[in-house]
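Secondary and tertiary structure notes
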Amino acid sequence: MPITEFHDASPSSQSSNSGSIFSILSRRRDQVHSTEHGASETEAEVFQRHVADRFHDLAAADSGSLLSIPWLRSLLDAFLCCQEEFKAIVFNNAASLSLPPIDRHVADYFERSVKALDICNAIRDGIEQIRQWKKQLEIVLCALDKQRSIGEGQFRRAKKALIDLAIGILDGKQSNTTFAQRNRSFGRQREQQRSLGHFRSLSWSVSRSWSAAKQLQAIGNNILPPRPNETNGLTLAVFTMNYVLLFVMWALVAAIPCQDRGLQAHFNVPKQFLWGGSILSLHERIVEESKRRDRRNVCGLLREIEEIEKCSRHLNELVDSAEFPLCEEREREVRQRVEQVRNVCEGLKSELDPLECQVREVFHRIVRSRTQGLDSVGRGN
């Protein structure tokens, strides 16, 4: 089955202040000429500016929006746009791809992108885990919502679902293990399904010994700024895309439950890069979020996971302290808590599937870009 194509966001949504950003190349923008190893200065500068604009918009998110599902979707939008623009630069400069040192830089990037595929698979497992938690909340809604009167039977059913939910979240906190260890990946769909599950594997599913932290470390190893004699357009574009790939994968691991999470990835971007400030700011904010007392041992920093934990904990406290028959005030309080649960469920219902679809698209786009990039290298040779 053909893969649904991603439609890039309109450039009009980018920051209008990009004209005030100074180029890292410290040359006038009206000087248009090709460098010794490919991409013109103007082509490289435009790419740098677009990356800076996209991450400036992401960094403008307030604390309530950062690491929410809509924010993650915007992050993946930005990655897909950057990936397409980078792919075009590689294609346009195929003749330079066999020249050292750019040949090594491009090969290293494609190797890193392959490592990102396993993270996409692990993130898909984490999304499925959140979907299972949503099902437990739906059981609670079914038991307590829109009932003329709430009795002990409904409370027992809701209590069981809340206990199952708490156990599932606790397991995620303790082990950060993959969900159900199923061999799932982003392959072709066997048939039309209402959900986005049931994929035939196109790559190895993560094993029990797989570690998201180690995978991020492997992606981030030896991402070094270009040397003074390597500051040509194509080299700068490769360095930029390496950091975009690393940050996006790191943010996904920070937000979504997955096996052996770890946020120790090192980010060290020279200040002269236009996009460096925004990425470093986002990294710092996410790390600070992970250090909050109530967030230190969570299975994922996703805002919606925090909402699941809060609403289930408050409702569980009410269920534990309930005495029957319920007085009018206590029943009103229960219904208010149930309404909060309903809002969380509706948000997850509308956002989880599109998020999973985008992660799947990132997987396929990385595969296609690598294939086409290697073809460009072959043409250059």
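Residues numbered from 1 in each chain as written. Predicted model: local features only at pLDDT ≥ 70, side-chain atom pairs only at ≥ 80, totals over all residues. Heavy atoms only, no water.

**Digging into the overall build of the protein chain**
Counted only if it meets this: Note on conventions: DSSP H or I runs of at least 4 residues are helices, E runs of at least 2 residues are strands, and numbering of each starts at the N terminus. For the exposure calls, accessible area comes from a 1.4 Å probe over protein chains only, and a residue counts as buried if that area is under 20% of its type's maximum, exposed if over 50%, partly exposed in between. Two residues qualify as a contact provided that any one of their heavy atoms is within 4.5 Å of a heavy atom in the partner residue. Method for areas: the Shrake-Rupley scheme with a 1.4 Å probe, in which residue coverage is limited to the protein chains shown.
Scanning the protein chain from terminus to terminus reveals nine helices and zero strands. Walking the protein chain from its N terminus toward its C terminus, one meets helices and strands in the order α-α-α-α-α-α-α-α-α. The buried share of the protein chain, taken over its 381 residues, is 52%. Partitioning the intrachain contacts of the protein chain with sequence separation of at least 6 by distance along the chain shows that 79% fall at a separation of at least 24. Summing over all exposed atoms, the protein chain offers an accessible surface of approximately 18,500 Å²; the carbon and sulfur share of this is 48%.

**Comments concerning the nonpolar core**
Test applied: We call a set of buried Ala, Val, Leu, Ile, Met, Phe, Trp, Tyr and Cys residues a nonpolar core when their side-chain atoms join them within 4.5 Å.
Counting residues in hydrophobic clusters, the biggest one holds 109 residues, and the most contacted among them are Phe-55, Trp-71, Leu-144, Phe-247, Met-249 and Trp-250. Sorting elements by how many residues they give to this core places helix H6 (residues 233–255) first, with 19 residues. Not counting residues within four places of it along the chain, the set of residues in contact with Trp-250 comprises Leu-216, Leu-263, Ala-265, Phe-267, His-283, Ile-286 and Val-287.

**Some thoughts on the packing of aromatic side chains**
The test is simple: Two rings from Phe, Tyr or Trp (for Trp, the six-membered ring) form a pair when their centres are within 6.5 Å of each other. A pair whose planes differ by under 30 degrees is stacked, one over 60 is edge-to-face, and the rest are tilted.
Under the criterion given, the structure shown has 14 aromatic pairs. Residues Phe-86 and Tyr-109 carry aromatic rings whose centres are separated by 5.1 Å and whose planes lie at 65° to one another, so their mutual orientation is edge-to-face. Of this pair, Phe-86 sits in helix H2 (residues 69–92) while Tyr-109 sits in helix H3 (residues 102–144), placing them 23 residues apart in sequence. Note on accessibility: Phe-86 and Tyr-109 belong to one class, buried. Taken together, a centroid distance of 6.0 Å and an interplanar angle of 50° make the contact between Tyr-243 and Phe-267 tilted. With Tyr-243 in helix H6 and Phe-267 in the loop between H6 and helix H7 (276–291), this pair connects stretches of sequence that are 24 residues apart. Of the two residues, Tyr-243 and Phe-267, both sit in the buried class. Ring-pair connections join several aromatic residues into one group, and the members of that group are Phe-55, Phe-239, Tyr-243, Phe-247, Trp-250, Phe-267, Phe-273 and Trp-275.

**Focus on the packing of H3 against H6**
Where we set the bar: Where helices are involved, their axes are fitted lines through C-alpha atoms of the stretch in contact, as for all axes, and angles between N-to-C directions lie from 0 to 180°. For classification purposes, an angle smaller than 35 degrees is called roughly parallel, one larger than 145 roughly antiparallel, one from 65 to 115 roughly perpendicular, and anything else oblique. When the near helix sits turned anticlockwise from the far one by under a right angle, the crossing is termed left-handed; a clockwise turn instead gives a right-handed crossing. When residues are sorted by character, Ala, Val, Leu, Ile, Met, Phe, Trp, Tyr, Cys and Pro go into the nonpolar class, Asp, Glu, Lys and Arg into the charged class, and all the rest, Gly among them, into the polar class.
In contact at an axis separation of 10 Å, H3 and H6 are set at 15° when each is read in the N-to-C sense. For the element pair H3 / H6, the angle class is roughly parallel. Handedness of the H3/H6 crossing: left-handed. For the pair H3 and H6, contact is made by Ile-102, His-105, Val-106, Tyr-109, Arg-112, Ser-113, Ala-116, Ile-119, Cys-120 and Ile-123 and by Leu-234, Thr-235, Val-238, Met-241, Asn-242, Leu-245, Met-249, Leu-252 and Val-253, respectively. Among the residues making up the contact of H3 with H6, the classes are represented as 14 nonpolar, four polar and one charged.

**Examining empty space enclosed by the protein**
Defined as follows: A cavity, in this analysis, means grid points on a 1 Å lattice covering only the protein atoms where a 1.4 Å probe fits yet has no way out; a pocket is instead an open set bounded by protein on both sides within 12 Å along at least five of seven lines, and a residue lines either one if it has an atom within 4 Å of a point. Grid points are joined across faces, edges and corners, and a volume is the space filled by probe spheres set on the points.
Throughout the structure, instances matching the rule amount to one cavity of 30 Å³ or more. There is about 40 Å³ of room inside the largest cavity. Residue lining of the largest cavity: Gln-83, Phe-86, Lys-87, Val-90, Tyr-109, Phe-110, Ser-369 and Gly-373, and that is the complete set. Within the residue set of the lining of the largest cavity, elements represented by two or more residues are H2, H3 and helix H9 (328–380). If you tally residues by element for the lining of the largest cavity, the top one is H2, at four residues. Residues belonging to the lining of the largest cavity are distributed by class as follows: four nonpolar, three polar and one charged.

**Quick look at the confidence of the model for the protein chain**
Low-pLDDT portions of the prediction should not be read for the details of their coordinates. Short version of the rule: Per-residue confidence from the predictor is given as pLDDT, running between 0 and 100.
On average, residues of the protein chain score 81 in pLDDT, and 79% of them are at 70 or above. Note on residues 177–184: pLDDT under 50 across the span, and 23 contacts to partners over four residues away in sequence or across chains. A low-confidence stretch, residues 187–204 stays under pLDDT 50, and its non-local contacts, those more than four residues away or across chains, total 41 contacts.

**Looking at the side chain of Arg-112**
For clarity, the cut-off: Between N or O atoms, a polar contact is any pair within 3.5 Å; within protein, one atom must be a potential hydrogen donor and the other a potential acceptor, and residues adjacent in sequence are included only when both atoms are from side chains.
The residue Arg-112 is located in helix H3 in this model. Engagement of the side chain of Arg-112 in a polar contact is seen with the backbone oxygen of Asn-221, the distance being 2.6 Å. With residues near it in sequence (within four places) discarded, Arg-112 still touches Ile-219, Asn-221, Asn-222, Ile-223, Asn-242 and Leu-245.

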